[in-house]
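Close look at the chain arrangement
Here is how the chains run, residue by residue.
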Amino acid sequence: MLQTPALLAATSGLALGLGLIVAIGAQNAFVLRQGLRLEHVAAVVAVCAASDLALIAAGVLGAGSVLARASWLVPVVCFAGAAFLLGYGVLAARRALRPGALLPDAAGARAGLAVTVTTCLALTWLNPHVYLDTVVLLGSMASTYGRHRWQFAAGAGLGSVVWFTGLGFGARLLRPVFARPAAWRVLDGAIAVVMSALAVSLAVRGITGS
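Right, let's walk through the structure included here. Counting starts from 1 at the beginning of each chain's written sequence and moves along it residue by residue. Only residues with pLDDT of at least 70 get local features here, since the model is predicted, and only at 80 or more are side-chain atom pairs given and counted; chain-wide, interface and lining totals rely on the full set of residues. Excluding hydrogens and water, the side-chain figures rest on all heavy atoms present in the structure.

Each aromatic ring pair is described using two quantities: the centre-to-centre distance and the angle formed by the ring planes. By convention, a stacked pair of Phe, Tyr or Trp rings (six-membered ring in the case of Trp) has centres within 6.5 Å and planes under 30 degrees apart, an edge-to-face pair has planes over 60 apart, and any other such pair is tilted. Counted by the stated rule, this structure contains one aromatic pair. For the pair Trp-125 and Tyr-131, a centre-to-centre distance of 6.3 Å together with 65° between the ring planes defines the contact as edge-to-face. Note on Trp-125: relative accessible area 31%, which makes it partly exposed. Throughout, exposure labels follow a simple rule: accessible area from a 1.4 Å probe, protein chains only, divided by the maximum for the residue type, with under 20% read as buried, over 50% as exposed, and the rest as partly exposed.

So, in structure tokens, the structure goes:
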């Protein structure tokens, strides 16, 4: 029978995982930009997917309930994430305002692998929304599936792997559009706005604690 409890759990996890991850955010914006630049794409996709898998597993193992009780951590993570995102947004704004540095082929100087991976890790692990989506929400939902919670987690993890792989390696299909420096200016301008908005929202969350 196709619709077994395990398959239903996996399908539900896949649907919810994709629903949470397919949204404009710091992580997705970074993966998109790296994919367009053809710069360390495999490493970025691997870091994002592996991070999501680790966080989902932590949620299923019960870290979500622990995190929910450690309320003092929320402001700390929020302010740290806000500072990082604001800094990244400023850099994106500078790139948008300096079209001379946006070359059609490279869209600016290439960053090293270590810098790229570090930036990707920071955008992932310094973002409280990642913990809320993966550890808390997906972990809580997985617990409702009882002995099939790991099938639910596997489905959610598959959604992350499929999404980041498609976004990172599929971005090259848009390269003809970004053959003009003006297109990079628009992209970096949009990234600057998204990062700054997220930084403000995190700072407000850190102040209000909600």
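Still more ground to cover, so stick around.
For Leu-38, which is not a glycine, the phi torsion comes out positive at approximately 55°. Counting from the N terminus, the helices are DSSP H or I runs at least four residues long and the strands are E runs at least two residues long. Within the secondary structure, Leu-38 is located in the loop between helix H2 (26-37) and helix H3 (41-60). In this structure Leu-38 comes out as partly exposed when scored by relative accessible area, which is 36%. A positive phi angle, near 50°, is found at His-40, a position not held by glycine.

Here we come to the nonpolar core. Grouped together as the largest cluster of nonpolar side chains are 30 residues, with contacts concentrated most on Leu-85, Ile-191 and Met-195. Sorting the residues of this core by element identifies H2, H3, helix H5 (73-97), helix H6 (113-125), helix H8 (149-170) and helix H9 (181-208) as the ones contributing at least two each. Sort the elements by how many residues they give to this core and H9 lands first, with nine residues. The term nonpolar core refers to a set of buried residues drawn from Ala, Val, Leu, Ile, Met, Phe, Trp, Tyr and Cys, joined through side-chain atoms within 4.5 Å. Counting eight residues, the second largest nonpolar core, distinct from the first, contains Ala-9, Ile-56, Ala-142 and Phe-152.

Okay, the state of the cysteines next. Pairs of cysteine sulfur atoms within 2.5 Å are identified as disulfides in what follows. Scanning the entire structure with this criterion turns up zero disulfides. Cys-120 carries a free sulfur, and the closest cysteine sulfur to it, the one in Cys-48, is 3.4 Å from it.

One fewer than the residue count of a helix, multiplied by 1.5 Å, yields its expected span. Look at H8: 31 Å from first C-alpha to last across 22 residues, which is about the 32 Å you get at 1.5 Å a residue. Every buried residue of H8 is accounted for by Phe-152, Ala-153, Gly-155, Ala-156, Gly-157, Gly-159, Ser-160, Phe-164, Leu-167 and Gly-168.

Helix length check: H2, at 12 residues, gives a terminal C-alpha distance of 17 Å against a target of 16 Å (1.5 Å per residue), a fit within 8%. Most of H2 is tucked away: 11 of the 12 residues are buried. All of the buried residues along H2 are Ala-26, Gln-27, Asn-28, Ala-29, Phe-30, Val-31, Arg-33, Gln-34, Gly-35, Leu-36 and Arg-37. Two residues or fewer past H2, Leu-38 is found with a positive phi of approximately 55°.

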